[in-house]
Amino acid sequence: MKVLFIGGTGNISTAVSRLAVQRGIDLYLLNRGKRQVDIPGAKTLTADIHHFGEAAAALLGHTWDVVVNWIAYTPEDVQTDFQLFRTRTRQYIFISSASVYQKPPSHPVITESTPLYNPFWKYSQNKIACEDFLVQAYRQHDFPITIVRPSLTYDTVIPTALGGWTDFGIIQRMRRGEKIIVHGDGASLWTITHAEDFAKGFIGLLGHQQAIGHAFHITSDELLTWDQIYQAVASAAGVEAQIVHIPSDFLAQFGEDLHGGLLGDKAYSVIFDNTKIKTFVPGYQAVIPFSEGIRGTLHWFEADPARMQTSGADDRLFDFILTAYEKILLP
Ligand SMILES: NC(=O)c1ccc[n+]([C@@H]2O[C@H](COP(=O)([O-])OP(=O)(O)OC[C@H]3O[C@@H](n4cnc5c(N)ncnc54)[C@H](OP(=O)(O)O)[C@@H]3O)[C@@H](O)[C@H]2O)c1
């Protein structure tokens, strides 16, 4: 199977690229070559996907069994892909996001038929618009789409709701014994999926003839409260988290990212029903508990001082919000 990943060296896609090569897939990665990520056995096409001429030149003469765009965020991105791959692939996989599912959820169990509706987060609205375009392209032009909606998925990022990701500041803050903020009462339920688990479900969709026209989420079945998630991160860092609970509605006032990321995503309890991916990819089961996976992630950060960087913005934001909140509690 000849497969193209646009991206392929990122937080989620690196694990998928590695597993694809292990499974004997003839894998090509199209990216700018800015990241020092080694995927032995993959072939590289160097281009910026946002430069149409450059990407078209790099892709010239190729046809594909599967194209996966890991980094399409806007309808323009998928329209470009439709132009590039309309007659050149047997399957096109769009990486959407589980944040497209109805917010707030009218029912906590999320299946692929949960309505797509997110009035809070531009990122999710754009992903919905991408899905809409692709569904039309499938109906009207037989464009062979499959949609995959990851939910919070990690490997080389710190998957916290406030702070973290590629910034190491929250770990340093925890180690200094300073307060961190957990949204709501810390008791709402969430699921975090390791990229290596995600990869096992995802690979089974590549070239899967029955997956055309379908959408899937692929998550762990482990349900944790946000307090448990933050304590697992702190424990991996060798400390106990000093948690302050602050309502999501209050936090949402401190910027677009918090507004969208909380009210448009992580503020609510959700329970992903993974029956569909398990039906299409028999044997798929996430096996990495968060408490274990996050230790691996911290080891990865600590293996290279260049990764243990912080801009200081997280610390400033935590301090700013904590001061504002304490003023309300103790005027
Ligand atoms: N992680 C989550 O929790 C989560 C949840 C829901 C949805 N998602 C979705 O998952 C996707 C992210 O996947 P990921 O984590 O593997 O990606 P990522 O960490 O953002 O990696 C980006 C990849 O794209 C390449 N790239 C970036 N800009 C490029 C450009 N202009 N032209 C060509 N290549 C470019 C990068 O390599 P170079 O820099 O070398 O070019 C790298 O390979 C997104 O679509 C996101 O919406 C993620």
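For the structure itself, consult the block above.
It should be emphasised that the depicted structure is a prediction, and the values quoted were computed from it without experimental measurement. (Residues numbered from 1 in each chain as written. Predicted model: local features only at pLDDT ≥ 70, side-chain atom pairs only at ≥ 80, totals over all residues. Heavy atoms only, no water.)

Chemist: Can you walk me through the environment of arginine 316 in this structure?
Modeler: Residue placement: arginine 316 occurs in helix H12 (residues 313-329). In this structure the C-alpha to C-alpha distance between arginine 316 and valine 287, which are 29 residues apart in sequence, comes to 36 Å. (Helix = DSSP H or I, 4+ residues; strand = E, 2+ residues; numbered from the N terminus.)

Chemist: Sorry if this is basic, but what is going on with the packing of aromatic side chains here?
Modeler: What characterises a pair of aromatic rings is the spacing of the ring centres plus the angle enclosed by the ring planes. All told, the structure shown has 19 aromatic pairs when counted by the stated rule. Measuring from ring centre to ring centre gives 6.0 Å for tryptophan 226 and tyrosine 230, while their planes differ by 45 degrees; the resulting arrangement is tilted. In this pair, tryptophan 226 and tyrosine 230 are both assigned in helix H7 (residues 226-236), four residues apart and thus about one turn of the helix distant. Relative accessible area serves as the criterion here: at 0%, tryptophan 226 is assigned to the buried category. The exposure class assigned to tyrosine 230 is buried, which follows from its relative accessible area of 0%. When the centroid spacing of 5.4 Å and the interplanar angle of 55 degrees are considered together, the rings of phenylalanine 250 and phenylalanine 254 count as tilted. (Phe/Tyr/Trp six-rings, centres within 6.5 Å; stacked < 30°, edge-to-face > 60°. Buried < 20%, exposed > 50% of the residue type's maximum accessible area, 1.4 Å probe, protein only.)

Chemist: Even after reading the chapter, I still don't get the site of the ligand, so can you show me in this structure?
Modeler: If you check the shell around the ligand, you find 29 residues, and the closest are Thr9, Ser13, Arg32, Lys34 and Tyr123. The contact in question runs from an oxygen atom of the ligand to an N or O atom on the side chain of serine 13, over 2.6 Å. Arginine 35 is positioned with one of its backbone polar atoms (N or O) 3.3 Å from an oxygen atom of the ligand. Burial of the ligand by the protein chains amounts to 89% of its free accessible area of 920 Å². Residues of the shell around the ligand, tallied by class, amount to 11 nonpolar, 13 polar and five charged. (Near = heavy atom within 4 Å. Polar contact = N/O pair within 3.5 Å; in protein donor to acceptor, adjacent residues only side chain to side chain. Areas by Shrake-Rupley, 256 points an atom, 1.4 Å probe, with all protein chains shown as cover. Nonpolar A, V, L, I, M, F, W, Y, C, P; charged D, E, K, R; others polar.)

Chemist: Got a minute to help me understand the sheet that holds strand S12 (residues 215-217) in this structure?
Modeler: Strand pairing in a sheet relies on backbone hydrogen bonds. The paired strands run either parallel or antiparallel. As summarised here, the arrangement of the seven strands in space is S3-S2-S1-S4-S5-S7-S12, forming an open sheet in which the pairing is parallel. Across the chains shown, the open sheet's two edge strands, defined by having one partner strand only, are strand S3 (43-46) and S12. Looking at each pair of strands side by side, their axes are set apart by 20 degrees on average, direction ignored. Looking at chain direction, strand S1 (residues 2-6) and strand S4 (residues 66-69) are connected through four bridges and run parallel. In the sheet register, leucine 4 faces S4, and the bridge partner there is valine 67. (Pairing = 2+ DSSP bridges. Axes fitted to C-alpha atoms, helices over the stretch in contact; angles between N-to-C directions.)

Chemist: Looking at this structure, I do not really get H7. What am I missing?
Modeler: The α-helix advances 3.6 residues per turn, and as a result positions three or four apart in sequence lie on the same side. Every buried residue of H7 is listed here: Trp226, Ile229, Tyr230, Ala232, Val233, Ala234 and Ala236. Two residues or fewer after H7 comes glycine 238, characterised by a positive phi angle close to 85 degrees.

Chemist: Would you explain the environment of lysine 266 in this entry?
Modeler: Take lysine 266: it is sitting in helix H9 (residues 256-266). Lysine 266 gets classed as buried once you look at its relative accessible area, which sits at 8%. For the pair lysine 266 and glycine 10, spaced 256 residues apart in the sequence, the C-alpha separation amounts to 22 Å.

Chemist: What am I meant to see in the side chain of asparagine 118 here?
Modeler: Its location among the elements puts asparagine 118 in the loop between strand S6 (109-110) and helix H4 (122-141). Within the local environment of asparagine 118, its side chain forms a polar contact with the backbone oxygen of serine 99, the two atoms lying 2.9 Å apart. A polar contact of 3.1 Å, which involves the side chain of asparagine 118, links it to the backbone nitrogen of tryptophan 121. Each residue touching asparagine 118, except ones within four places of it in the same chain, is listed here: Ser99, Lys103, Ser124, Gln125, Ile128 and Gly264. (Contact = heavy atoms within 4.5 Å.)

Chemist: Explain helix H11 (residues 290-302) here, please?
Modeler: For H11, with 13 residues, the first-to-last C-alpha span of 18 Å sits near the 18 Å given by 1.5 Å per residue. Of all the positions in H11, only Phe290, Gly293, Ile294, Thr297, Leu298 and Phe301 are classed as buried. On an axial view of H11, the arc spanned by its buried residues comes to 140 degrees, and they lie on one face. Turned more than 90 degrees away from the buried face of H11 sit Glu292 and His299, all of them exposed. Buried residues in H11 make contact with strand S8 (153-154), helix H5 (169-175), strand S11 (193-194), strand S13 (224-225) and H7. (Expected span 1.5 Å × (residues − 1). Arc of directions from axis to C-beta.)

Chemist: Any chance you could explain the packing of H7 against H11 here in plain terms?
Modeler: For any two helices packed against each other, the geometry comes down to the angle between their axes and how far apart the axes lie. Between H7 and H11, the least distance of the axes is 9 Å, while the angle of their chain directions is 45 degrees. Considered as vectors, H7 and H11 are oriented oblique to each other. Taken as a pair, H7 and H11 cross one another with a handedness that is right-handed. Of H11, the residues touching H7 (which contributes Ile229, Ala232, Val233, Ser235 and Ala236) are Phe290, Ser291, Ile294, Arg295 and Leu298. Partitioned by chemical class, the residues of the contact of H7 with H11 number seven nonpolar, two polar and one charged. (Parallel < 35°, antiparallel > 145°, perpendicular 65-115°, else oblique. Left-handed = near helix turned anticlockwise from the far one by under 90°.)

Chemist: Just to check I follow, could you spell out the pattern of salt bridges for this structure?
Modeler: Pairs can form between side chains of opposite charge once their charged atoms are near each other. Throughout the structure, instances matching the rule amount to 13 salt bridges. Between arginine 149 and glutamate 131 there is a salt bridge, and its shortest N-O distance comes to 2.7 Å. Pair noted here: arginine 149 is in strand S7 (residues 145-149) and glutamate 131 is in helix H4, with a separation of 18 residues, a long-range link. In terms of burial, arginine 149 and glutamate 131 fall into one category: buried. Between aspartate 315 and arginine 176 there is a salt bridge, with the nearest N and O atoms lying 3.0 Å from each other. Placement of aspartate 315 in helix H12 and of arginine 176 in the loop between H5 and strand S9 (179-183) is noted, with a sequence separation of 139 residues between them. A relative accessible area of 43% means that arginine 176 is categorised as partly exposed. (Salt bridge = Lys/Arg side-chain N within 4 Å of Asp/Glu carboxyl O.)

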